[in-house]
Every structure is written in C-alpha cells, then in structure tokens.
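These are the residues of each chain, in order.
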Amino acid sequence: MLQSFGYDNTAGHIYFVQRNSTNTDPDHVGDLWVTKTDTAGNELGSMALHGFGHGVQIGVENYNGAVYLWTEWRTSDTGFGTRIGRFRFADGTVLEQGAGSIQDRTPQIGDMVNPQPAIDPSTDRLVVRYKIGADLPRIVAFRMSDARAGRLTSGYRLVERALPSRGSWGTAHPFQGFAAYGRYAYLLEGGVEDTSYLTTIDLNEVGQNIVHDRFPTTAGQSLPGREPQGMAIWLSGGGPRLAFGFHSNTGGVRQTSVFYKSEFV
C-alpha cells in the first residue's frame, strides 16, 4: 500500500514507499518496500527496508552520482519510526534497521516523536515534521550541507515553528504527508473516499496565523478506495510542481496515481 514518494529531480526518477498492510506478524512491523520508476511509471528497481516504520514521508537526495534516501527509521511497536535515517539506494537489496551503513540524521533539538523527513529541492534544505506531544506537531528546516554532515543541532536550524493542531478536524482528515517549497510548507490531509485537502503553511509567520490556505481537491475522485498518500516537489522541465499521490484498489489490485498543481499559492 502506497505511503509516500519522492523525486530524484537530477535523474528524473521517482521513489515510491509502500508497506505491507496485510502482514500482521510482529517481526515485520515497520517493513517497507521502495520502488524506483521513471516519470512514466516504468519500474527501474526496488529495495526492501526492514523495521523502518510507517513510510509516511521520504526525501530523495542525488549526491556525488549516488542516490540517498531519507526516511523514518527504527520502528516502534506502534509501527512508526522513532529516528531519521540516511542510506544509499541499492537495487535488489534488503536493508535491516541495524545495518551500519545507515546514518542517523535525527535533529538534536529536544525530544522528537515520529520525525518525518522531506527535501526542498528549490532551496536544498532538509525539512522535518515531528511532534513534541499528543497533537503538537512542529516543523524544522536545515541546510542540506549541514544535514548531510550531521550538523542538526539548534544552532544550525534555519526555521522552526508549530504546525496546526489536528483536533477533531484531524481525526476526520488524517495527515498523509507533506512537502516544502521556499517559504511554504504543504500538508496533504484526508481519509479513504473522502474530500482531500492541500493545506499551505507560511514558514515565516508566527503566532496564530498558522494556516495560510486549505484547498479541497477532487483529484482522482473516481478512483475506487481512493486515499491520499504522499507529497513531493517535482522540478519538471515545465516548471516546479506540487505533486500528491493517491492509493486505490480496483478489484483487489492496488494502484498508485500521482497528480500535481503547478500553481503553489
């Protein structure tokens, strides 16, 4: 089942993250599957991640001719990751959560619950969504050069602010991923076969003006079992695009569809 995706904007590839929602074996909680495709959907490779988490968000970094993935890592018994890991994509391999090749890149700015990474390719920044308590989400950004080197302490953060508390609205419209482009962060929200929303957050604002805009989208409305899953920035030849995905289920066949908006705000 699709959970998230990210673009390699250098090579023109997409990396999709799925989890096996039918496997209830405790030994496989947090197992994920990464599939690499081109932008037409042709499969180019895959990789298994054991014990990583729910796969809510992924960052894709093309660096020195290799692709590195940033994901939640070290799953808890809830199925969500407790850390952020950076590792090289290797087609056809299985990566265990205890592998020495995984770099711990969890920001060191206090206790973090369910940290989830994304990369803003327009500014070359790592952006992390996390919680400091129940219904208390926050977001923080670092330069990729600092994040890559593990300089993720408070002295290196570029911006940090609260995100909207979810409350009863969030219960009805679950959080399904995010992306960042310049001064704005974007949240994807919504449940199965329900209205989905694109929420815009101005990272430069403070105080109570948290939601800049909340836009309902009917993209993919005809898909059976439609559920929003994943968000990313696509730097296409036609200009930047805010891409967002949907999982669907047609006669037991699980499918993934990606839509985009070329006007961000």
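For the structure itself, consult the block above.
Residues numbered from 1 in each chain as written. Predicted model: local features only at pLDDT ≥ 70, side-chain atom pairs only at ≥ 80, totals over all residues. Heavy atoms only, no water.

*Asks:* I keep staring at the pattern of salt bridges and nothing clicks. Help me out?
*Replies:* Pairing of side chains with opposite charge becomes possible as their charged atoms draw close. Counting across every chain of the model gives nine salt bridges. Of the charged contacts, one joins Glu 61 and Arg 148 as a salt bridge, the two residues approaching to 2.5 Å between their closest N and O atoms. On the criterion of sequence distance, the pair formed by Glu 61 in strand β5 (residues 58–63) and Arg 148 in helix α1 (residues 144–149) is long-range, its members being 87 residues apart. Classification of Glu 61 as buried rests on a relative accessible area of 4%. By relative accessible area, Arg 148 is classed as buried at 18%. One salt bridge connects Asp 146 with Arg 151, and the closest N-O pair in it is separated by 2.8 Å. Taken together, the salt bridges that share partners define one network made up of Glu 61, Arg 86 and Arg 148. (Salt bridge = Lys/Arg side-chain N within 4 Å of Asp/Glu carboxyl O. Helix = DSSP H or I, 4+ residues; strand = E, 2+ residues; numbered from the N terminus. Buried < 20%, exposed > 50% of the residue type's maximum accessible area, 1.4 Å probe, protein only.)

*Asks:* Quick question: what am I supposed to make of the packing of aromatic side chains here?
*Replies:* Think of a pair of aromatic rings as described by two things: how far the centres are apart, and how the planes are tilted against each other in angle. Taken as a whole and judged by the stated rule, the model has 10 aromatic pairs. Ring centres of Tyr 7 and Trp 234 lie 5.3 Å apart, and the angle between their planes is 5°; on these two criteria the pair is classed as stacked. Of this pair, Tyr 7 sits in strand β1 (residues 2–8) while Trp 234 sits in strand β18 (residues 227–236); the two residues are 227 residues apart in sequence, bridging distant segments of the chain. Grouping residues by exposure puts Tyr 7 and Trp 234 together as buried. Chaining the aromatic ring pairs together yields one cluster made of Phe 5, Tyr 7, Phe 16, Trp 234 and Tyr 260. (Phe/Tyr/Trp six-rings, centres within 6.5 Å; stacked < 30°, edge-to-face > 60°.)

*Asks:* Explain the pairing of β5 here, please?
*Replies:* One face of the sheet, then the other: side chains in a regular strand alternate in exactly this way. With six bridges joining them, β5 and strand β6 (residues 66–75) adopt antiparallel strand pairing. Following the sheet pairing, Asn 62 is matched in β6 by Val 67. Where β5 hands over to β6, the hairpin turn is made up of two residues, of which Asn 64 adopts a positive phi near 55°. (Pairing = 2+ DSSP bridges.)

*Asks:* Mind showing me how you'd approach the nonpolar core here?
*Replies:* One recurring pattern in soluble globular proteins is that nonpolar side chains are buried together. Membership of the largest hydrophobic core comes to 16 residues, with the highest contact counts inside it found for Tyr 15, Val 34, Leu 49, Phe 52, Leu 69 and Phe 87. Elements represented by at least two residues in this core include exactly β2 (13–19), β3 (32–38), β4 (43–50), β5 and β6. No other element matches the three residues that β6 contributes to this core. With 15 residues, the next largest nonpolar core counts Val 56, Ala 118, Val 127 and Val 159 among its residues. (Core = buried A, V, L, I, M, F, W, Y, C linked by side-chain atoms within 4.5 Å.)

*Asks:* Where do I start with the sheet that holds strand β13 (residues 159–162) in this structure?
*Replies:* In a beta sheet, neighbouring strands pair by backbone hydrogen bonds and run either parallel or antiparallel. If you walk across this open sheet you meet the four strands as β10-β11-β12-β13, and the pairing is antiparallel. What marks the edges here is a single partner per strand, and that holds for β10 (113–120) and β13. On average, each strand axis in the sheet is tilted by 15° relative to the strand beside it, whichever way the strands run. Inspection of the sheet shows strand β11 (residues 125–131) paired to strand β12 (residues 137–143) by seven bridges, in the antiparallel sense. Within β12, the position partnered with Arg 125 by the bridge is Arg 143. (Axes fitted to C-alpha atoms, helices over the stretch in contact; angles between N-to-C directions.)

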